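Fold and contact review
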Amino acid sequence: MAALQERPVGFFTDTSICIGCKACEVACKEWNQLEGNAPHFTADSFDNTGQLDAQNWRHVQFIEKIPDNKGTIGTPIAGGQAWLMMSDVCKHCQQASCLEVCPTNAIVRTEFDTVFIQQDVCNGCRDCIAACPYGVIGFNEKTGTVHKCTMCYDRLQNGLQPACAKACPTESIKFGYLDDLHAAADTRLATLQKQGFAQAQLYGRDTSAYGGLNAFFLLMDKPETFGLPNAANATLPSRNNVPGYLGGAVTAVLGLLAGVLAFRSSRMSGEQR
Amino acid sequence: MPEHFAVAPNWEWWILAYFFFGGIAGGTYAIGTLIRLFGAPADQGAARTAFLVSFIALIPCPIFLSVDLGQPVRFWHMLVDTSAGGPSFKYWSPMSVGSWALLLFGVFSFVSFLGALGQSGTSALSGVGRWLAGAAGAAWSVIGSGLGFFIAGYTGVLLAVSNEGVWSDAGWVLGGMFLASALSGSAALLLLLWRGRHDAQAGTVTRLEIADRNFVILEAILILLFLASVAAAGTIGKLLGALLVLWLLVLIGLAAPFTARGARMGAPAVASPLLALLGVLALRALVIFGGQL
Amino acid sequence: MTNHWRDIKNADVILINGANPAEAHPVGFRWFMRAKLDPARGPGSGGGAKIIHADPRFSRTSANADQYLRIRPGTDVAYFGGLINYVLQNKLFHDAYVKNYTNASWIVKQGYDFTDGLFSGYNAQTRSYDVSTWNYETEGDPLPGPAGTTQAKAKRDMTLQDPRSVFQLLKKHYSRYTADVVSSITGIPILEFESVARTVGEMGKPDKVMTIVYAVGLTHHTTGVQLIRSAALLQLLLGNMGRPGGGMNAERGHANIQGNTDHAISWEILPGYLKIPAPGQKDLDDYVAVSAPKKSDPHSWNFFGTNYRNFMVSLLKTWYGDKATKDNEFAFHYVPKPATNSSWISIYDQALRGKMEGVILSGMTATSIGPDSNQVLQALSNLKWLVVMDAFPTTSSEFWRAPGMDASKIQTEVFMLPCTHWIEKDGSFVNSGRWSQWKEQVIPPQGDARHDHWILADLYSRVKKLYQQQSGKFPDPIMALTLDYKDPLKPTADEIAQEINGKDLATGKQMTSFALLKADGTTTAGDWIYTGSYTPDGNLMKRRNGIQDPAKNDPTGMGFYAGWAWSWPLNRRVLYNRASADLDGKPWDPKRPGIQWNGTTWTGDVPDYPPTMNPKDPAAWLPFIMTGEGTGRLFSKDLLDGPIPEHYEPIESPVDNVLHPKQATDPVAFLYDQAAGRPNRFGTVADYPYVATTYRLTEHEHYVTQNVPLLVGLQPQAFVELPEELAGEKGIKNGDRVRVFSKRGKLEVSALVTKRFGPMTIAGKKVYTIGIPIHWGFIGIAAERDPDLSKYWVANALTPFVGDANSRTPEFKAFLVNVERIG
Ligand SMILES: Nc1nc2c(c(=O)[nH]1)N[C@H]1C(S)=C(S)[C@@H](COP(=O)(O)OP(=O)(O)OC[C@H]3O[C@@H](n4cnc5c(=O)[nH]c(N)nc54)[C@H](O)[C@@H]3O)O[C@H]1N2
Ligand SMILES: Nc1nc2c(c(=O)[nH]1)N[C@H]1C(S)=C(S)[C@@H](COP(=O)(O)OP(=O)(O)OC[C@H]3O[C@@H](n4cnc5c(=O)[nH]c(N)nc54)[C@H](O)[C@@H]3O)O[C@H]1N2
Ligand code: SF4
Ligand code: SF4
Ligand code: SF4
Ligand code: SF4
Ligand code: SF4
Ligand SMILES: [Mo]
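This text gives an overview of the structure that appears in the document.

How each quantity is defined
- Residues numbered from 1 in each chain as written.
- Chains lettered and ligands numbered in written order.
- Predicted model: local features only at pLDDT ≥ 70, side-chain atom pairs only at ≥ 80, totals over all residues.
- Heavy atoms only, no water.
- Helix = DSSP H or I, 4+ residues; strand = E, 2+ residues; numbered from the N terminus.
- Buried < 20%, exposed > 50% of the residue type's maximum accessible area, 1.4 Å probe, protein only.
- Contact = heavy atoms within 4.5 Å.
- Areas by Shrake-Rupley, 256 points an atom, 1.4 Å probe, with all protein chains shown as cover.
- Lys, Arg positive; Asp, Glu negative; His and termini not counted.
- Charge placed at Lys NZ, Arg CZ, Asp CG, Glu CD.
- Rg over C-alpha atoms; globule rule 2.2 N^0.38 Å.
- Pairing = 2+ DSSP bridges.
- Axes fitted to C-alpha atoms, helices over the stretch in contact; angles between N-to-C directions.
- Core = buried A, V, L, I, M, F, W, Y, C linked by side-chain atoms within 4.5 Å.
- Buried area = accessible area lost by both parts, 1.4 Å probe.
- Salt bridge = Lys/Arg side-chain N within 4 Å of Asp/Glu carboxyl O.
- Polar contact = N/O pair within 3.5 Å; in protein donor to acceptor, adjacent residues only side chain to side chain.
- Nonpolar A, V, L, I, M, F, W, Y, C, P; charged D, E, K, R; others polar.
- Patch = residues over 30% accessible without salt bridge, like charges linked within 9 Å, V, L, I, M, F, W, Y side chains within 5 Å.
- Near = heavy atom within 4 Å.

A word on the overall build of chain A. Within chain A one finds seven helices and 10 strands. Each of the three principal axes of chain A carries a C-alpha extent, and together these read 90 × 50 × 40 Å. Taken across its 273 residues, chain A has 63% of its residues classed as buried. Sequence separation of 24 or more characterises 63% of the internal contacts of chain A that already satisfy a separation of 6 or more. As displayed, chain A has an accessible area near 10000 Å², and 54% of this comes from carbon and sulfur atoms. Placing the 22 positive and 26 negative side-chain charges of chain A at their respective mean positions leaves the two points 5 Å apart.

Rendered as structure tokens:
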């Protein structure tokens, strides 16, 4: 593959053709040498991975929405709507909450417009974990740092596409330059809408969530179903800076007053007595 | 209603300890300054205690914080940008600002600590004591107590500036609430330390008690505001249930200063500020753990 | 597959039955998605291919299908029968195709009959059919056959009106399969069935095409062969065989199971699907006369039948070299002539009867594969010795420590020969689409592991030495075998590939086509269907002219990619592709040409036809060159359980057979226990009220991936899937431990409660299906982590010891169980 241009890249993950094979999960682990967590049977559909974390930079969700005993046709029991599978990953947000709060500048934006955690800088304060609205980042006890999808930065630098996209058999995960992906996604959405899939929608394609997501999705249900904040909920941590400090300042003034009252009035009365 | 999908950073006991001690360090410094500026001469002993306590409470703070890091030795990455070079400072990141504030406050608290020692008779430090007693010293304490307020309160803002349920839902109150409770806790601690002393002036104790009660009222109002905003966000469930016993401690802590009215010596006198402090701890625990449930 | 993986993108409708490609063939599934995303495909005005999935459980394939049908296990004959009936009744079949390209016009002999669930010729005593009436009416002069023999010419009626024509018999046979009946057998709601029928019916138009995809969900039944035939019948009626985007596409098993089958992993065939000789065959003539297909129409090329002897002699020359001469019938008598069935279950049946001394297992584990693992464990303990050639310990190499076994009472001596895994060797993989693709060694052999072929070569050389030293009863086959390799103890995969291709013994050159093979002993071919894969031009399986340059490498755009690897036969990508064009040689669908006649030659795919045979020539061959009829067979006289597929219930079934209650199950299904004088171990619905089916999960490859930590993490332990309603009735909650038991054994595993398995209404009765993934045993990472928990994790502890009449394939996919909560 020719070297990648220094242009915004990303993922278009089309969940309507995901087969839940988890090849992406395994490819990611193989390439990034992640051991995975201790095996654990969750009895949660076919998901035994559970969440994105330091060992799981891709996580395939399984959401069962099988309608009850179907006796007639017309029930949307197939067509990608009855058993939702979605390969979740770091969104590489344009306005990245994690990057915003990181006190050490360990989290940076790369030449490919991706969000990257520099392992040699991170000191493991975990502020980014509390900030990421997608529950993406995990802490690794062994390295003492936090981890998430790197968008295979090392592969990108060598002109290779990310391991997960490469492994995805159905091309549910499409990697490419962001503008190309946007075009592909629009076409796909239009097709689905024409076919009558009213719930089909793009998530992160426009700027309504965090200024746009470099890893964006085609969903067959509303974002919340997949643990994704909807546009109204997609808020940055920094929204609370001004009110937070303001509240603190007001309290400080009131506290000051309360203190002054206590000591000042006492001084008066004390001296007069 | 906002929905949250952020996961827990697993900030636990070290962070709780830091929030508590940081609050005390900041709160006592501020109270010390208040007494320094507005208190009676007879109260100045209490001011000295406040400055002493402030720094002592501050000492473990950076340790707690560093131990909590995954890479404790890299604590300095908070201040120095190791990848781009130069200082690492992000005004929009409370943790970044807090790191600098802690450093600066450490300087103020340390100098005031030395001054208090000097004023209390450590002759080698009497110069510092004298300088602090002057106008420049007053300015120093004012700036220091500004930082103290910050240390006492920014931890709340730090939690709020996230996408965690509870924390970010009470974005505008957490900072104030922590600050108020830091003040009430600090007053309680000073009461505890001051009340039993042979040279304690009854007036000083009374005034500290009044201050404590004032702070508690402020704190209670903020707690109510906090509950209201969390309830409005629909995340209050996290704070009830398993954590109910902590609420009990908070309530007792809030009530304690009032029950102790009139008591001067003996068990109740010690118990009430201790309970108040426990309440302060419980409040922080509630918020820290509740947000991560 | 008659077609190939990439070809699925050419389909308008993809009918999936008894397969779960999204999970068992995820990489191939990309082509299903391509078809679905291609606006030019699809029924009606297109807009994307339609995927219709019939399966007892809602799988990851169903999730991506356009229509999902919950079908009761083992009832697909009824489903296909219903579709066939719909197509016939509504005249939706491809008329010209059916007339000219199938045996619809052949007249069936008087005497053939079907009543009360039995075809003519049944003998209840022997549980077998006398198939003599399942044949054609003959007329006129006999046709010349090979080596001076003659073959009867069948009578035809091109109007298809003769009541004894195959067409009319078929129509009559399937007229019973009304939507009502289909629904009451399969559980598919009538409306739903009719909607599928409408879509499928549209596929008989020449400009539409449907592919049928299946796998072991159809084969693992006592009616497995007929299940598949019923689907093939539908495809023939719709004119979809031989066409790009059509065909009958079996998704094969392990990465190289297609290659295994081609090279005779089944006991009843020799390489290249030549029949194994039978006792009593005195010479090659006898053998060919019995084994080769016979012509029944003067226009039938009968390529296979005509060349049978060439292929067999070339094979014998490969094996026995100079020792195979005209005078000794080319060493024909060195080839075993087994008197008894030696298929999978038969091996363990023989061991149970104490008639098996030893077994060599290479690359599979008897214990877990089943059926009836407990009985297989007994069989293994009856052996004197057991050799396991494998890269890992297996449930067979460790069978003596299976739960419930008493090692002190087992005399079987077990040898474990560490073998290289396929990752550690080079060679070829043949995929479901018959592409033989050469692969390189990925890592060098680990530890003491040796290649299978080296172990076998060494074993052979030692056995030969023993014969030389001690002589023996019949040493000739051993002595005569040629191992013409540089190092006979260490043959290379490359040498073996050349040997399989075969050479001209006169010139020493590699053969280029099986059409050039001879019966006079001057050519060799280790497997005639691979002749042409390794020519003087080199190893064609290594070719990789693919999507780097689609314009050049795939000029027709149909995805043939002739320069990518090599597919048998002769690099042909779609079998029977003569049938993709009409009588004049024009593609049925000009937009989707297979091959076409350009006036002088056939172009497109490698033609399944003489390259320059003018289709308008009155002497031109009929399109299906491999059958004696020259056409596709709607009626077949070659099977043991009937010439036309009929619905029979699984051996263990919860309901009656509504078509013929007196003959519920396949009358010739092979009941091993009964045949051996042991009591049958079948349960009844009274004790075992629920249907169970077994299957794979994406995350594991049978049992071997129990050694792969990352995959164990994805599916960490054995479980069964329970319908929500049933779980409710039984007080079982999601995640609870449950015991599932059949007449033969039990499982103790976790329960995954789901709506993906729902109740079905079968003729008014509520029927539940329980799903059992097969991947666990008492060996492997998960099992060893918690030996107590994993004691009863072998799915095949439950399955019945019974085989399909034709193939003896076990009934893994439909049997009866009960379930209860543990604790
Ligand atoms: N991940 C993975 N892939 C594999 C394998 C593996 O172990 N793991 N094994 C390989 C091998 S060896 C093989 S043979 C293939 C097998 O490939 P498949 O045949 O696709 O595999 P199964 O899961 O056994 O069965 C397929 C489906 O048949 C359904 N089924 C059962 N009974 C019936 C029935 O009566 N009618 C219908 N319509 N459906 C029925 C089951 O519910 C199941 O969903 O897979 C190969 N690929
Ligand atoms: N109930 C039920 N039972 C079933 C099925 C079902 O659907 N339901 N499916 C059946 C089917 S279709 C199949 S194919 C079988 C599968 O059953 P198996 O073939 O026994 O399953 P695998 O685990 O794939 O076994 C392959 C073994 O080969 C070893 N191996 C790999 N490479 C090599 C090599 O190069 N040389 C040697 N010597 N060994 C090697 C591996 O280590 C592994 O132990 O199960 C059958 N059993
Ligand atoms: S998804 Fe989370 S981790 Fe990824 S860039 Fe956005 S905020 Fe950061
Ligand atoms: S854990 Fe590392 S990456 Fe995250 S905020 Fe702290 S320093 Fe930055
Ligand atoms: S881009 Fe790379 S690091 Fe990110 S999920 Fe995919 S494989 Fe893992
Ligand atoms: S590899 Fe592709 S199809 Fe498979 S789970 Fe991941 S996204 Fe889905
Ligand atoms: S296991 Fe291998 S052969 Fe099977 S689908 Fe995956 S890549 Fe293909
Ligand atoms: Mo298989």
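Counting secondary structure elements, chain C contains 24 helices and 33 strands. The C-alpha radius of gyration computed for chain C amounts to 26 Å, which stays within 12% of the reference 28 Å derived for 823 residues, consistent with globular compactness. Based on the C-alpha atoms only, the size of chain C along its principal axes is roughly 75 × 75 × 60 Å. When each of the 823 residues of chain C is scored for burial, the buried share is 60%. Sequence separation of 24 or more characterises 70% of the internal contacts of chain C that already satisfy a separation of 6 or more. Summed over all atoms, the accessible surface of chain C reaches about 30300 Å², with 55% contributed by carbon and sulfur.

A few words on the sheet that holds strand β16 (residues 413-418) of chain C. For sheets, the rule is that strands pair by backbone hydrogen bonds, running either parallel or antiparallel. Residues and elements named next belong to chain C. Taken in spatial order, the three strands make up an open sheet running β14-β15-β16, and their pairing is parallel. Whereas interior strands pair on both sides, the edge strands pair on one side only; in this sheet they are β14 (358-362) and β16. On average, each strand axis in the sheet is tilted by 15 degrees relative to the strand beside it, whichever way the strands run. As judged from the five bridges shared by β14 and strand β15 (residues 385-390), these two strands associate in the parallel manner. Paired with Leu361 across the two strands is Val388, which belongs to β15. The strands touched by helix α17 (residues 452-470) are β14, β15 and β16; relative to β15, the strand with the most contacts, the crossing angle is about 145 degrees.

A separate point is the pairing of strand β8 (residues 173-177) of chain A. All names here are of chain A. Burial within β8 is extensive, with four of its five residues counted as buried. Pairing geometry for strand β1 (residues 9-14) and β8, over five bridges, is antiparallel. Note on β8: the bridge partner recorded for Gly10 is Gly176.

Relative to the assigned elements, Asn310 of chain C resides in helix α13 (residues 303-320). With residues near it in sequence (within four places) discarded, Asn310 of chain C still touches Leu517, Lys518 and Ala519 of chain C.

Moving on: the nonpolar core. In terms of nonpolar packing, the biggest core is built from 133 residues, with Tyr134 of chain A together with Ile772 of chain C touching the most fellow members. Every residue in contact with Tyr134 of chain A, bar those within four places of it in the chain, is listed here: Lys91, Cys93, Tyr203, Ala209, Tyr210, Leu213, Leu228 and Pro229 of chain A together with Phe5 of chain B.

We now examine the interface of chain A and chain B. In this assembly, 64 residues from chain A lie in contact with 65 residues from chain B. Each partner contributes to the roughly 4800 Å² buried at the junction of chain A and chain B, and carbon and sulfur atoms together form 58% of this total. When the area that chain A buries against chain B is broken down by residue, the three leading residues are Arg126, Tyr245 and Phe263 of chain A, summing to 15%. Here Asp68 of chain B ties to Arg126 of chain A by a salt bridge, and the two come within 3.0 Å at their closest N and O atoms. For the interface between chain A and chain B, the tally reads 32 residue pairs in polar contact (both at pLDDT 80 or more). Elements supplying a minimum of two residues to the side of chain A that touches chain B: α2 (97-101), α3 (127-131) and α7 (241-272) of chain A. Considering every element that reaches the side of chain A that touches chain B, the biggest residue donor is α7 of chain A, with 22 residues. A per-class count over the side of chain A that touches chain B returns 30 nonpolar, 25 polar and nine charged.

Here the focus is a nonpolar patch on the surface. All names here are of chain C. A contiguous nonpolar patch, built from Ile360, Trp385, Phe415, Leu417, Leu456, Leu459 and Val463 and spanning about 540 Å² of accessible area, is present on the exposed surface. Mapped onto the nonpolar patch, the elements with two or more residues apiece are β16 and α17. Residue contributions to the nonpolar patch peak at three residues, all from α17. With respect to the secondary-structure elements, Leu417 resides in strand β16. Leu417 sits in the partly exposed class, given a relative accessible area of 30%.

Our next topic: the site of ligand 1. All names here are of chain C. Taken together, 32 residues surround ligand 1, and among them Asp55, Gly74, Asp76, Arg696 and His700 come closest. At 3.1 Å from an oxygen atom of ligand 1 is found a side-chain nitrogen or oxygen belonging to Arg57. Interatomic distance of 2.5 Å between a backbone N/O atom of Gly74 and an oxygen atom of ligand 1. Breaking the shell around ligand 1 down by element, the ones donating at least two residues are α1 (21-24), β2 (50-55), α9 (216-219) and β25 (690-695). Among the residues forming the shell around ligand 1, the class breakdown is 10 nonpolar, 14 polar and eight charged.

A few words now on the environment of Pro536 of chain C. All names here are of chain C. By the element assignment, Pro536 lies in the loop between β19 (534-535) and β20 (538-539). Sequence separation of Pro536 and Gln510 is 26 residues, and the distance between their C-alpha atoms is 5.5 Å. The residues touching Pro536, leaving out its near neighbours within four places in the chain, are Lys509, Gln510 and Thr512.

What follows concerns the pattern of salt bridges. Residues and elements named next belong to chain C. In total, this model carries 48 salt bridges over all chains according to the counting rule given. For the salt bridge of Lys425 with Asp452, the shortest nitrogen-to-oxygen distance reads 2.6 Å. Residue Lys425 is found in the loop between β16 and β17 (427-430), and its partner Asp452 is found in helix α17; the two are separated by 27 residues along the sequence. Taken as a pair, Lys425 and Asp452 share a single burial class, namely buried.

Turning our attention to the sheet that holds β17 of chain C. With antiparallel pairing, three strands are arranged side by side in an open sheet as β17-β18-β21 (chain C). Edge positions in the sheet fall to β17 and β21 (566-567) of chain C, since each has one partner strand and no second.

Now for the arrangement of the chains. For the two pairs of chains in contact, the largest share of contacts goes to chains A and B. There is no contact between chain B and chain C; across them, the least C-alpha separation is 22 Å.

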